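Listed below, chain by chain, are the residues.
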Amino acid sequence: MLFRSAAGALASDLIDGALRSPLVVAAAVLAGAALLGLAERLGRRERPLEGIAIFDGIFTGLAQALALIPGISRSGATISAALLLGFNRASAARFSFLLGIPAIAGGGVLELRRLAESGGISDGSAPLLLVGIATSFCAGLLAISLLLRLLSGGSTRLFVFYRLAFAALLIGTALSRGGA
């Protein structure tokens, strides 16, 4: 997470500017699909989460930093990295979600602080914000549960195909609107 935060701070102008074009995002979505497909094909899928080592955390953390690029999925990058390290699919997904806790929580705290400093939270909106946070948390837990169940018995190919279709939609939309 520390590397991702440092990388985000150093590259924020590039990330917020040039990397936001629809065709660059589509290329990143395609790259994510290729990485996940490669990891699915090459990963041994033998290691349980209990066999994690320091190098695994460093390598997967560096993969998480790729998600600073618009179009790269944080969970897709970290699951791909864990699969390449030989973890089984369910362990790779669990590890990905565990790595995401500090990144997502930290981002949420920063956004809440920014919102509070800008006067965007009033006494009347605070309860609604809390309901939104709780609902989001519950929906996230449900999605994680479903994903873990899906990956325990199946392949990541469904997500590769989804990313390919999404990239095609992005490219088609960008080209129909005149390019980048």
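The structure we're discussing is the one just above.
About the criteria used
- Residues numbered from 1 in each chain as written.
- Predicted model: local features only at pLDDT ≥ 70, side-chain atom pairs only at ≥ 80, totals over all residues.
- Heavy atoms only, no water.
- Helix = DSSP H or I, 4+ residues; strand = E, 2+ residues; numbered from the N terminus.
- Buried < 20%, exposed > 50% of the residue type's maximum accessible area, 1.4 Å probe, protein only.
- Contact = heavy atoms within 4.5 Å.
- Areas by Shrake-Rupley, 256 points an atom, 1.4 Å probe, with all protein chains shown as cover.
- Patch = residues over 30% accessible without salt bridge, like charges linked within 9 Å, V, L, I, M, F, W, Y side chains within 5 Å.
- Salt bridge = Lys/Arg side-chain N within 4 Å of Asp/Glu carboxyl O.
- Expected span 1.5 Å × (residues − 1).

Student: Explain the overall build of the protein chain here, please?
Tutor: The helix and strand tally for the protein chain stands at eight helices and zero strands. Counted from the first residue to the last, the protein chain has its helices and strands arranged as α-α-α-α-α-α-α-α. Considering the protein chain as a whole, with its 180 residues, one finds that 33% of them fall into the buried category. Of all intrachain contacts in the protein chain linking residues separated by at least 6 positions in sequence, the fraction that spans at least 24 positions is 77%. With the model as given, the accessible surface of the protein chain reaches about 10,600 Å², and the carbon-plus-sulfur share is 70%.

Student: Just to check I follow, could you spell out a nonpolar patch on the surface for this structure?
Tutor: A contiguous nonpolar patch, built from Leu38, Leu42, Phe55, Phe59 and Leu84 and spanning about 460 Å² of accessible area, is present on the exposed surface. Looking at the nonpolar patch, the elements that each hand over two or more residues are helix H3 (22-42) and helix H4 (54-65). Within the secondary structure layout, phenylalanine 55 lies in helix H4. By relative accessible area, phenylalanine 55 is classed as exposed at 53%.

Student: How should helix H7 (residues 126-153) be read in this particular structure?
Tutor: Note on helix geometry: an α-helix contains 3.6 residues per turn, so any two residues three or four positions apart are oriented the same way. A rise of 1.5 Å per residue sets the reference length of H7, with its 28 residues, at 40 Å; its end C-alpha atoms lie 41 Å apart and thus fit the reference within 8%. Every buried residue belonging to H7 is among Leu147, Leu148 and Leu151, and all of these are buried. Buried residues along H7 sit in contact with helix H5 (74-84), helix H6 (89-117) and helix H8 (157-176).

Student: In this structure, what is going on with the pattern of salt bridges? I would like to understand it.
Tutor: Side chains that carry opposite charge are capable of pairing whenever their charged atoms lie near each other. Taken as a whole and judged by the stated rule, the model has six salt bridges. Notably, a salt bridge pairs arginine 114 with glutamate 111, separated by 2.7 Å at the nearest N-O pair. Placement of the pair is arginine 114 and glutamate 111 together in helix H6, with a separation of three residues, close to one helical turn. Three or more residues joined by partner-sharing salt bridges are found here, namely Glu40, Arg45 and Arg89.

Student: So what exactly am I meant to see when it comes to the environment of proline 48 here?
Tutor: For proline 48, the location among the structural elements is in the loop between H3 and H4. Note: C-alpha distance between proline 48 and arginine 89 (41 residues apart in sequence) is 9.2 Å.

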